[in-house]
Each structure stands twice: as structure tokens, then as C-alpha cells.
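In case you want the letters, here they are:
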Amino acid sequence: MRPSLSETLTFFRILQIIDAMGCIQSISCKPRSFRESIIVLEVSSSIDSNPTSIDESSNVVLRYRTPHFRASARVLVLPVARKETWTVGWIQACNHMEFHNTYGNKGMSSWELPDLRDGKIEAISDSDGVNYPWYGNTTETCTVAGPTRRDTRFTVSMNDNFYPSVTWGIPVGDSEASQLTSIRRDQSFTTWLVALNQASGETVVLRTVRWRMRLHIQVDPDEPLGRRARLTEPLAQEQPEVLVRNEPIPSNATVKPNANDAQVLMWRPRFGEPMVVIPSKY
């Protein structure tokens, strides 16, 4: 005997409930874990196409501004059964840094991360220095407090770029006369989309992005202010990569110090011993 239309529809509704909830409500089942409840709907990552811009408006320093790295993720969290609080957001670490400012045949100044430079660590936190381990705490994170009865949807996003000042004159001398001849910078970062349990510290890595920022600026110190510097490469940055397989987060990439506080400015003369110009803040 064939089932009636109403019986068939009822059967399919039951299947939908099973598919959506993982169990029939009348039967006791284990609550879904947060790891099973979070779904990354979309991840996008890019570096703006504009080239690095150069600002020669100051007679003391040259400034440049690199294009922005941007990352964004749309996230869905299914109803959370337990009383637990999770933060979802972006964590970033620097795993390579070369930042050399050359002053003709006099030598060069160099921003350095000593522990990273010496191979003592494989990466260092690039947190804002306040909201460890997060890159920031505005658009970069979202907090979900369970239990919840409905789906939670949100977007977390971040952006990063460089806007430093480099002295025209040698940083250890008394003269402000222009002697800067070259700026080279090459930095690499790993950026993770992460869910973090605020009570237990359990961490779920959802996505991993790797990106790099490079530049070379040639400077003619004999030219008048406003016509000294020229960007030689690259005019367009290599685009970030969202990895197929997630990478683990090194433990020191989530704690103090962050890169800004740990870096030191060195003067490395062509002849003589190197010296610290600006010590680390940590």
C-alpha cells in the first residue's frame, strides 16, 4: 500500500530535521561542539593594486606609504548549546623582516627583530599591542556567547600597511644633510582566522593566509627636495595566498612582545662596530 501525500511530506520533514539538527529532538543526543558549529562561508584576501607612494614634503624625513593588505571572512555559527564564549577573529605574525636604509658608502640603518633575525623564534606577534592575541579589536573580531537559539552571522575584517619615516641624514650624526641613497624592505606575514574559547583557551584555526610586502626606493641625495626618491620595484605587490591546509600558530606569535615593541633600530657603518640607535620597548 502506497503512503499518502501527507505521509510522504511528513517523512521528508523528519529527514530535514535530522539533517539540520543532527538528531531527532525527541531522542537524547550529544550537543554539537563549537568546532562543529562554526562554518566559514567566504574568505577573501588581497593587496591593493596601487604602488607605494612617496612623500618628500619634509626636509628631515622621507615618508612612504605601501598599498594595504586586506582580509575578510563571512562566518556562520549554528546555535550554540553550551554556556561558553568564543571570539572569532584575525591573528597575525611576522616571520621575516628586512628593512635597510642605505646612506651611500657610510653604512646603513636597519630596523631589526633580534630574536627573529637570530633564528630563536620562527614568528613574532603582530598584535596591536593591547588586544593580544588579536590583530585588533574593532572589525577584526566578533564574540559569540552561548547558549544561543539562532544562527549567528557576521563578518570579521582587517587591513595592514606600512607608513614609516626615514631620515634623510645619517641617524647617528649631527648633520641633517641628505645622504640617503636607498631603501629596501621585504617582510612576510602569516595571518590566521581563529576561533578562541575565552575560558579554556581552546583554539580552532579556521583559515591561514600568507602574504609578503616588498619595495625598493632609490634616492639621489643631490637632487632638490621633492625630486630625490623613485620607486623602482615592485609597482604591484604579489597577491596573498589562502592556504589549502592550515598552519599551526607558533606559541610566541600570540603573546608579548609584539613586533613594534620588539624591534630595534641599528646603525651598521661600513667601517666600525654596529650600534643601537633606538632600543626595543620590551
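Everything below is about the structure printed above this text.
Residues numbered from 1 in each chain as written. Predicted model: local features only at pLDDT ≥ 70, side-chain atom pairs only at ≥ 80, totals over all residues. Heavy atoms only, no water.

Participant: What's the story with the overall build of the chain in this structure? I'm lost.
Facilitator: Secondary structure summary: the chain contains 4 helices and 16 strands in total. By the burial criterion, 41% of the 282 residues in the chain qualify as buried. At a minimum sequence separation of 6, the contacts of the chain that also span at least 24 residues come to 74%. Accessible surface, the chain as shown: approximately 15,900 Å² in total, 49% of it carbon and sulfur. (Helix = DSSP H or I, 4+ residues; strand = E, 2+ residues; numbered from the N terminus. Buried < 20%, exposed > 50% of the residue type's maximum accessible area, 1.4 Å probe, protein only. Contact = heavy atoms within 4.5 Å. Areas by Shrake-Rupley, 256 points an atom, 1.4 Å probe, with all protein chains shown as cover.)

Participant: Quick question: what am I supposed to make of the side chain of S109 here?
Facilitator: Of note, S109 is situated in strand β6 (residues 107–112). Setting aside residues no more than four positions away along its own chain, S109 makes contact with F99, H100, N101, Y103, P171, L265, M266 and W267.

Participant: It is not clear to me how unusual backbone geometry should be interpreted in this structure. Could you clarify?
Facilitator: Comment: phi is negative for the bulk of residues other than glycine, and the bulk of peptide bonds are trans. Cis rather than trans, the peptide bond between G146 and P147 has omega equal to 0°. Among the secondary structure elements, P147 is positioned in the loop between β8 (141–145) and β9 (152–160). Cis geometry is found at the peptide bond from E233 to P234, where omega equals -20°. Take P234: it is sitting in the loop between β13 (229–233) and β14 (241–242).

Participant: Help me out: how do you make sense of the pattern of salt bridges in this one?
Facilitator: A side chain with one charge may pair with a side chain of the opposite charge, provided their charged atoms come close. Enumeration over the complete set of coordinates arrives at 10 salt bridges. With a closest N to O distance of 3.5 Å, E223 and R227 form a salt bridge. (Salt bridge = Lys/Arg side-chain N within 4 Å of Asp/Glu carboxyl O.)

Participant: Would you mind going over the layout of surface pockets with me for this structure?
Facilitator: In this approach the atoms are scanned with a rolling probe the size of a water molecule, which exposes any empty space left behind. Its boundaries defined by the atoms lining it, the largest pocket holds a volume of some 400 Å³. What lines the largest pocket is a set of 21 residues, and nearest its centre among them are D126, F162, R185, N260 and Q263. Of the residues assigned to the lining of the largest pocket, the class counts are 11 nonpolar, 6 polar and 4 charged. (1 Å grid on protein atoms, 1.4 Å probe; cavity = no way out; pocket = protein on both sides within 12 Å on 5 of 7 lines; lining within 4 Å. Points joined across faces, edges and corners; volume = space filled by probe spheres on them. Nonpolar A, V, L, I, M, F, W, Y, C, P; charged D, E, K, R; others polar.)

Participant: I keep staring at the side chain of T52 and nothing clicks. Help me out?
Facilitator: One can find T52 in the loop between β1 (38–47) and β2 (53–55). Excluding residues within four positions of it along the chain, T52 makes contact with Y64, R65, T66, P67, L215 and L231.

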